[in-house]
Amino acid sequence: MANIIDGKKISQEIKDELKAEVEGIKSRGEKVPCLAVIQVGNDPASTVYVSNKKKACEYIGIGSKSFELKEETTQDELLNLIDDLNNDDEVTGILVQLPVPKHIDEDLIIRRIDPKKDVDGFHPMSVGALLIGEKGFLSCTPAGVIQLLKRSGVEIAGKDCVVIGRSNIVGKPMSVLLLRENGTVTICHSKTKDLKEVCKRADILVVAIGKPKMIDASYIKEGAVVIDVGIHRMENGKLCGDVDYESAEKQASFITPVPGGVGPMTIAMLMKNCVEATKLF
Ligand code: NAD
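Residues numbered from 1 in each chain as written. Predicted model: local features only at pLDDT ≥ 70, side-chain atom pairs only at ≥ 80, totals over all residues. Heavy atoms only, no water.

**Focus on the overall build of the chain**
Secondary structure summary: the chain contains 10 helices and 11 strands in total. The globule rule puts the C-alpha radius of gyration for 281 residues at 19 Å, and the 19 Å found for the chain is close to it. Each of the three principal axes of the chain carries a C-alpha extent, and together these read 50 × 45 × 40 Å. Looking at the chain residue by residue over its 281 residues, the buried ones come to 47%. (Helix = DSSP H or I, 4+ residues; strand = E, 2+ residues; numbered from the N terminus. Rg over C-alpha atoms; globule rule 2.2 N^0.38 Å. Buried < 20%, exposed > 50% of the residue type's maximum accessible area, 1.4 Å probe, protein only.)

Shown next, in the form of structure tokens:
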């Protein structure tokens, strides 16, 4: 049976460290981080994410400004708001909750956010900085995975790391972060041949495919560390990941559950980026 990597506990540790850091910032009279959160429309899942982000800010002591815009908001109106927030000295981080309605060009919105306030780490400048090891914001979910590994005592340097998925928000930055930690990284995707054979070489397997329970024990080397980034709601209302947990945990040495694994880390790392925003550049 695998050791469970407890993302809820680790994310709480990080939030508590950040809370102490913000108390220090306040007591020294330094600039307090402030996150501006923009939501366009009222997609119920986005509303839950936005509310959780605001709650996390409150817990840590970060300021937050909330902008709930109606679905019909034009692209220009949203761009103008981002410009205003880019120029607002009080605001240190800007987050536009994705997805935005279809009449708005998501890439244009991401590019309009000042890279110095890009706490989601999605701006091409942040992605480029990550690639060449310059200072910049790290994409939150992959950065959370690295913290889960490190804080569970999993050595990355020299290990065979296989990432399944090459999306811009998970797979690609995940691979670069593992490389930065001196892992030997292989990226798999929908066109990979012999996926099972490649996965079975992994000491650390990070799964971000977006297919419920696709990865079972037959993809996993005995004793491998398995990180499941996927989140899906099943017909019975319960959540599951991209990994078939019951099967995989018999083969793995460490494994993340869903829920309670990678999920809670994303907000914790967003908060870390918010705190770093005051001192990164
Ligand atoms: P995506 O759909 O953008 O990318 C999926 C990737 O998987 C693609 O690169 C594709 O090439 C690859 N893929 C698809 N089918 C494959 C197959 N049969 N074999 C090999 N590779 C295959 O998804 P994403 O945005 O990267 O998200 C992946 C999963 O992670 C989803 O379940 C998503 O809900 C979840 N997610 C969770 C968090 C979190 O905070 N925990 C954050 C982001 C995404």
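**Points about the site of the ligand**
Taken together, 23 residues lie near the ligand, and Arg-166, Ser-167, His-189, Lys-211 and Thr-266 sit nearest. Ser-190 places a polar main-chain atom, nitrogen or oxygen, 3.1 Å from an oxygen atom of the ligand. Lys-211 places a side-chain nitrogen or oxygen 2.9 Å from a nitrogen atom of the ligand. Relative to its unbound accessible surface of 860 Å², the ligand loses 72% to contact with the protein. Each residue belonging to the shell around the ligand can be placed in one class, and the counts come to 10 nonpolar, 10 polar and three charged. (Near = heavy atom within 4 Å. Polar contact = N/O pair within 3.5 Å; in protein donor to acceptor, adjacent residues only side chain to side chain. Areas by Shrake-Rupley, 256 points an atom, 1.4 Å probe, with all protein chains shown as cover. Nonpolar A, V, L, I, M, F, W, Y, C, P; charged D, E, K, R; others polar.)

**With respect to helix α7 (residues 171-180)**
Among the 10 residues that make up α7, seven are buried, leaving the element largely enclosed by the rest of the structure. Of all the positions in α7, only Gly-171, Pro-173, Met-174, Ser-175, Val-176, Leu-177 and Leu-178 are classed as buried. On its buried side, α7 packs onto α5 (124-132), α6 (140-151), β5 (160-164), β6 (184-188) and β7 (204-207). Looking one or two residues beyond α7, the residue adopting positive phi is Asn-182, at roughly 70°. (Contact = heavy atoms within 4.5 Å.)

**What to know about the sheet that holds β5**
Read across the open sheet, the six strands follow the order β1-β11-β8-β7-β5-β6; overall the sheet is parallel. For this open sheet the edge positions go to β1 (3-4) and β6, each flanked by a neighbour on one side alone. Strand direction decides the pairing type here: β1 and strand β11 (residues 254-255), joined by two bridges, are parallel. Considered in β11, the bridge of Ile-4 is made with Ile-255. (Pairing = 2+ DSSP bridges.)

**Examining unusual backbone geometry**
Note that the residue after Leu-98, namely Pro-99, is joined by a cis bond; omega there is 0°. Despite not being glycine, Asn-182 shows a phi value in the positive range, around 70°. Residue placement: Asn-182 occurs in the loop between α7 and β6. Phi at Lys-213 takes a positive value of approximately 55°, unusual for a residue other than glycine. On the secondary structure map, Lys-213 appears in the loop between β7 and β8 (225-228).

On their own, these measurements won't tell you what the molecule is for.
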